[in-house]
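This is what each chain is made of:
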Amino acid sequence: MNGDDLIERILREGERRADEVEVFYARGLSVATEIKKGILGNAEESEAWNVAVRTVKDGRIGFSATSDPDRWKECLDAALASGRLATPQQWGGFPKPADLAGTPSAADGDLVVAVEDAARMVGELLSGAAEHPVEVVGGGADLARSYLAVANSSGVFYGMDRTVAAVSLETIREQSTGYEFDASPFLADIDARSVGEQAASLAARSLGGRDIKTGRYDVVLSPVAAASLLGQVLLPALSGRNVKAGRSFLADKVGEQVFDERLSVYDDPFAPGLGSTAFDAEGVPTRRLVFVEQGVLRRFAYDLKTGYRYGEGSTGSAVRFGSEGPGIGVHNLFIDGPQVKEPGDERAIWIHDVVGAHTANPFSGDFSVEISNPFWMEGGEPVEPIRTAMLSGNVFEMLGGIGGLGNDSRRVGRLTIPSIRLNNQQIIGK
Amino acid sequence: MAEVRYYDIRCVRGEITLVDIDNGVVESAGTSFFDKAVIRVLGSKGWGVLTRDHVDIDSKREVERLVEAAARLAAVTEDHLDLADAPRGVLPVPPLGEDPRDVDLEEKTRLLAGIEEAARVAGVGNTRARYTEGIDAVRFLDSSGNEYSYEAVRSGFSVVAIASRDGVMQMGSERDHITTGFNLRNKQEFGRKAGEVAVSLLDAKIPKGGTKRAVLDPELAGVFTHEAVGHASEGDLVREGASVLGGKIGERIGCAGLVIVDDPSLPEFGFIPVDAEGVAVERTEIVRDGILSSYLHNRETLAAVGNGVPGHARSEHGAPPIVRMSNTFIENGDAAYDEILEECRDGILLIGSRGGQVDPGRGVFQFNAEYGYFIENGEKAGMVRDVSLSGEILSTLHNIVLIGNDRKMSPGYCGKGGQSVPVSDGAPHLLLENATIGGRGE
């Protein structure tokens, strides 16, 4: 039974037993190659298949998922059974078919999921890394293609292709490590050689770092470090569910100046990116959403359930990961503003990455993390490595007054972000 | 046909039940199903690995077809791997006190709601609780004629309470997961504790970062053991040259009396009856009396590195096995808790864990406490929040000055290589000298 037949069958059967039914379907093929001891170690190919069913009856939402086509009836039964336990809520129905507003940029027609192509990318990573005297300790290249579909008993049936090309490389020299990565829907975006060279350069140049004294310093967070910290704290604060539940620092601040006036935060689902899509994970057309405009908080993100519950309406922000039910998220989030070549040319500590970003307090924004590949930066250039230190602060306070944005925006997962200069930050030396 | 030196197939068919209650609203309460298989073939050099849904492991023809496809993948690899011989055998799965499958979803939801409600103490504005139950039926066979099957049952919950006042928002969280039966009855005290911690943190101070004496509670000391020592002793990282503990077997890496163990055979949350390569599991002493004595291995890293114990291969369902910890802990010493506080004199007591991360090549780790207290004149003083600890693996273990006698294990999940597996870790109270404490207080 192909995917479309199965979806139709679940919809027909589900409609008999509930007011409404929704099917989310995904199938994918991917290859991954893994580097070991500086050469190609493992080669892996995955085929995956998943169906997730939601039923609605008298405002009660049920959910189940399966990766086994033979168990679709059991899955539908489980969704209905779970719906009987859910608290009933205000519900206005699954979306009806609509004209999709934009064109997503999520699939590369030329990307072939072939292990030989992934192996060639590994070769490029390694040749880039060979430009510096380091050992390669890990990394790899992945290629994937998937098909997603959302269908419901109101007549929606949207499908789309997604592709991903991803590389990463991990290097070491003595006790100095370097890690770099890149991922895009488009194979041509990936410069594996340059990723390899960067990873090696970080380890080679970080060698022999000197200690730093505890105190307050100006710092520049690279796009990677900034994405790690902000992703952990800012994303949950923009979720309408957290806002309404009293779990968001930004709740009740719409219309207020919450960040530096140079900062804007928006979701552009039509920009090329890993989350690019014209419809969200429950079939609502996506649109460009401005969350923060020149520092002023404009809105939050909602899915259908939260939108109906609080009379806010969905913003097309539903996303799904794995075989879980939909939740509120972002598609392609941009953190943007006027960028300068050097985010302030005064001496500062440049921080490539942080260790332990996930331990930040998502409600208060407080964090203290170990920093990776820190350098003294002068005239916009990292000049001298620092051995090791911690950075402590508060993400919301940091965004309240920044020192400037670099012109080096890059994509880190679903975020696109430049380097951010922050003055007078707490550094804890050894 | 491409060369096949060895193959194995591991199938996991199972169910996941989740109940999510947010501020009194049952957001979801349901069961999902999966059936995943991983086929590995060792070709003339390295591994070719296939991941598939719904493989008929009893069909010879299907197995042959998959092995051939994996062998074609293996043919592109260049790294020559060998597999060490390892003991085989399956431990009995600990008996279930109460089988979660005998409890209906409605009762589970009601019991979880009781825990969530208990978290709503005065001052708490938001509560959330989740129940997670996993039933895995595992089947394994390999080309050497080994075959095993077992069933794993996991049941537990987490509860989070958030208190806020004057723009300050603080969180308390508790969790408890087990492999030995249904785990939701009579657990309201976990909810209450989460609520009380959240409220008391509203008045807690943010400590000033710097170097101090620190007392770690058993839960945080367990995470410290896992992050600071466990990962760096994993044979794959050692083989790749990505661990500071590489080449250090027989060397003193910690204080006298320090014993660090990984034991997959303990009936704690990280229990496995046999590893993901069909190898028998046993207690492994990573550190014996301060001396690095063993790495944790799978068959491949044992062959390449030596100096250690196999049986530490683990995998999430639908993912290939990698070297992982299971139940990791520091053995009891002889210091009483009061003695540790007294000896600390002035410092900080760190309690609970919000997780951690390690860069094993650089030898640096970081992790966060849920909260803590100042220690003044050997006694517990004011409460602190948003405090973390970082350090270097090679110096920190020498800085353990006292080892308590009150070891406790805590359940959790460990992420590595994109896979998450259940683990537990623990330790007695520890006194650390020269600890680097992160905090943004002035």
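Residues numbered from 1 in each chain as written. Chains lettered and ligands numbered in written order. Predicted model: local features only at pLDDT ≥ 70, side-chain atom pairs only at ≥ 80, totals over all residues. Heavy atoms only, no water.

You'll find chain B entered in an unreviewed UniProt entry as PmbA/TldD family protein, with Methanoculleus chikugoensis given as the organism.

An unreviewed UniProt entry annotates chain A as Peptidase PmbA originating from Methanoculleus chikugoensis.

Engineer: Help me out: how do you make sense of the overall build of chain A in this one?
Structural biologist: Per the secondary structure count, chain A includes eight helices and 22 strands. Compactness check: chain A gives a C-alpha radius of gyration of 23 Å against a globular reference of 22 Å for 430 residues, within 12% of the reference. Considering only C-alpha atoms, chain A reaches an extent of 70 × 55 × 35 Å along its principal axes. Burial statistics for chain A: of 430 residues in total, 61% are counted as buried. Residue pairs at least 24 apart in sequence account for 71% of intrachain contacts in chain A once pairs closer than 6 positions are excluded. One way to put it: in chain A the 43 positive side-chain charges average out to a point 5 Å from where the 60 negative ones average out. (Helix = DSSP H or I, 4+ residues; strand = E, 2+ residues; numbered from the N terminus. Rg over C-alpha atoms; globule rule 2.2 N^0.38 Å. Buried < 20%, exposed > 50% of the residue type's maximum accessible area, 1.4 Å probe, protein only. Contact = heavy atoms within 4.5 Å. Lys, Arg positive; Asp, Glu negative; His and termini not counted. Charge placed at Lys NZ, Arg CZ, Asp CG, Glu CD.)

Engineer: I would appreciate a short explanation of the sheet that holds strand β15 (residues 327-330) of chain B in the present structure.
Structural biologist: By way of backbone hydrogen bonds, the strands of a sheet pair with one another, either parallel or antiparallel. Residue and element names in this part refer to chain B. Reading across the sheet, the six strands line up as β10-β9-β8-β15-β24-β23 and stay open at both edges, with mixed pairing between neighbours. What marks the edges here is a single partner per strand, and that holds for β10 (291-292) and β23 (408-416). Here strand β9 (residues 284-288) pairs with β10 via two bridges, running antiparallel. Across the sheet, the residue bridging to R288 is I291, located in β10. This element, helix α4 (residues 218-230), spans β8 (260-262), β9, β15, β23 and β24 (419-427) of the sheet and lies at about 125° to β24. (Pairing = 2+ DSSP bridges. Axes fitted to C-alpha atoms, helices over the stretch in contact; angles between N-to-C directions.)

Engineer: Is there a simple way to explain the interface of chain B and chain A in this structure?
Structural biologist: Many analyses report the size of an interface as the accessible area lost when the parts associate. Counting residues at the interface gives 77 residues for chain B and 73 residues for chain A. Taking both partners together, chain B and chain A bury about 6,200 Å²; carbon and sulfur atoms supply 48% of that area. Looking only at chain B, the three residues that lose the most surface to chain A are B:F33, B:R362 and B:R440, adding up to 13% of its buried area. Viewed at the interface, chain A and chain B are joined by 15 salt bridges. We note a salt bridge from B:R385 to A:D366, for which the minimum N-O separation is 3.0 Å. Inspection of the chain B/chain A interface yields 49 residue pairs in polar contact (both at pLDDT 80 or more). Element by element, the count of residues in the side of chain B that touches chain A is highest for strand β2 (residues 25-42) of chain B, at 11 residues. Each residue belonging to the side of chain B that touches chain A can be placed in one class, and the counts come to 24 nonpolar, 29 polar and 24 charged. (Buried area = accessible area lost by both parts, 1.4 Å probe. Salt bridge = Lys/Arg side-chain N within 4 Å of Asp/Glu carboxyl O. Polar contact = N/O pair within 3.5 Å; in protein donor to acceptor, adjacent residues only side chain to side chain. Nonpolar A, V, L, I, M, F, W, Y, C, P; charged D, E, K, R; others polar.)

Engineer: Looking at this structure, I do not really get the pairing of β24(B). What am I missing?
Structural biologist: Remark: a regular strand shows side chains that alternate across the two faces of the sheet. Residues and elements named next belong to chain B. Of all nine residues making up β24, eight are buried, and the element is well covered by its neighbours. Relative to β24, β15 runs parallel, the two sharing three bridges. Bridged to N327 within β24 is S424. In terms of strand pairing, β23 meets β24 through nine bridges, oriented antiparallel. Within β24, the residue paired with P411 across the bridge is S424. Between β23 and the antiparallel strand that follows it, β24, lie two residues; G417 among them carries a positive phi value of about 55°.

Engineer: Just to check I follow, could you spell out the packing of aromatic side chains for this structure?
Structural biologist: A ring pair, where both rings are aromatic, is described by two values, the distance of the centres and the angle of the planes. One pass over the full model with this rule turns up 20 aromatic pairs over all chains. Between A:W350 and A:F375, the aromatic rings sit 6.1 Å apart at their centres with planes inclined by 50°, giving tilted as the arrangement. With a gap of 25 residues between them, A:W350 in strand β15 (residues 348-355) and A:F375 in strand β16 (residues 366-378) connect regions that are remote in the sequence. The exposure classification of A:W350 matches that of A:F375, with both residues buried. Ring centres of B:F269 and B:Y413 lie 5.5 Å apart, and the angle between their planes is 85°; this geometry places the pair in the edge-to-face category. Linking B:F269 in the loop between β8 and β9 with B:Y413 in strand β23, this pair joins segments that are 144 residues apart in sequence. Residue classification places B:Y413 among the partly exposed positions, given a relative accessible area of 46%. An aromatic cluster is built from A:Y25, A:W49 and A:Y147, whose rings are joined through pairwise contacts. If you follow A:K253 out to its NZ or CZ, it ends over the ring of A:F249, 4.3 Å from the centre. The ring of A:W376 carries A:R347 above its face, with NZ or CZ at 4.0 Å from the centroid. (Phe/Tyr/Trp six-rings, centres within 6.5 Å; stacked < 30°, edge-to-face > 60°. Lys NZ or Arg CZ within 6 Å of the ring centre and 35° of its normal.)

Engineer: Looking at this model, I keep getting lost on empty space enclosed by the protein. Mind explaining?
Structural biologist: Rolled over the atoms, a probe as big as a water molecule pinpoints where empty space is left. All names here are of chain B. The final tally for this structure, using the stated rule, is four cavities of 30 Å³ or more. Volume-wise, the second largest cavity comes out at about 70 Å³. As for the second largest cavity, its lining consists of D8, R10, V12, V38, R40, A276, S315, E316, H317, G318, A319 and P321. Elements with a minimum of two residues in the lining of the second largest cavity: β1 (6-22) and β2. Here the lining of the second largest cavity takes three residues from β1, the largest share from any one element. (1 Å grid on protein atoms, 1.4 Å probe; cavity = no way out; pocket = protein on both sides within 12 Å on 5 of 7 lines; lining within 4 Å. Points joined across faces, edges and corners; volume = space filled by probe spheres on them.)

Engineer: Is there a simple way to think about the packing of helix α3 (residues 115-129) of chain A against helix α4 (residues 192-206) of chain A in this case?
Structural biologist: Relative orientation and spacing of two packed helices are given, respectively, by the angle between their axes and the distance between those axes. All names here are of chain A. Running from amino to carboxyl end, α3 crosses α4 at an angle of 40°, the nearest separation of the two axes being 6 Å. In terms of their interaxial angle, α3 and α4 are classed as oblique. Crossing of α3 over α4 shows right-handed handedness. When α3 is examined against α4, the residues M121, E124, L125, S127, G128 and A129 are found in contact with a partner set consisting of A192, R193, V195, G196, E197 and A200. Classifying every residue of the contact of α3 with α4 by side-chain character gives six nonpolar, three polar and three charged. (Parallel < 35°, antiparallel > 145°, perpendicular 65-115°, else oblique. Left-handed = near helix turned anticlockwise from the far one by under 90°.)

Engineer: So what exactly am I meant to see when it comes to the packing of helix α2 (residues 105-118) of chain B against helix α3 (residues 188-201) of chain B here?
Structural biologist: Residue and element names in this part refer to chain B. It is the contact of α2 with α3, at a shortest axis distance of 6 Å, that shows an interaxial angle of 30°. Comparing the axis directions of α2 and α3 gives the class roughly parallel. Our pair here, α2 against α3, has a crossing hand that is right-handed. Contact residues: G114, I115 and A118 in α2; Q188, G191 and R192 in α3. Per-class residue counts for the contact of α2 with α3 are two nonpolar, three polar and one charged.

Engineer: Please clarify how the sheet that holds strand β10 (residues 296-297) of chain A should be interpreted in this entry.
Structural biologist: All names here are of chain A. Strand order in this open sheet of six strands is β10-β9-β8-β13-β21-β20, and the pairing throughout is mixed. Each end of this open sheet is capped by a strand with a single partner; those strands are β10 and β20 (410-412). Sheet topology places β20 next to strand β21 (residues 415-417); three bridges connect them, and they run antiparallel. For R410, the partnering residue across the bridge sits in β21 and is I417. In the packing of helix α5 (residues 223-238) onto the sheet, the strands contacted are β8 (264-267), β9 (289-293), β13 (333-336), β20 and β21, and the crossing angle to β21 comes to about 125°.

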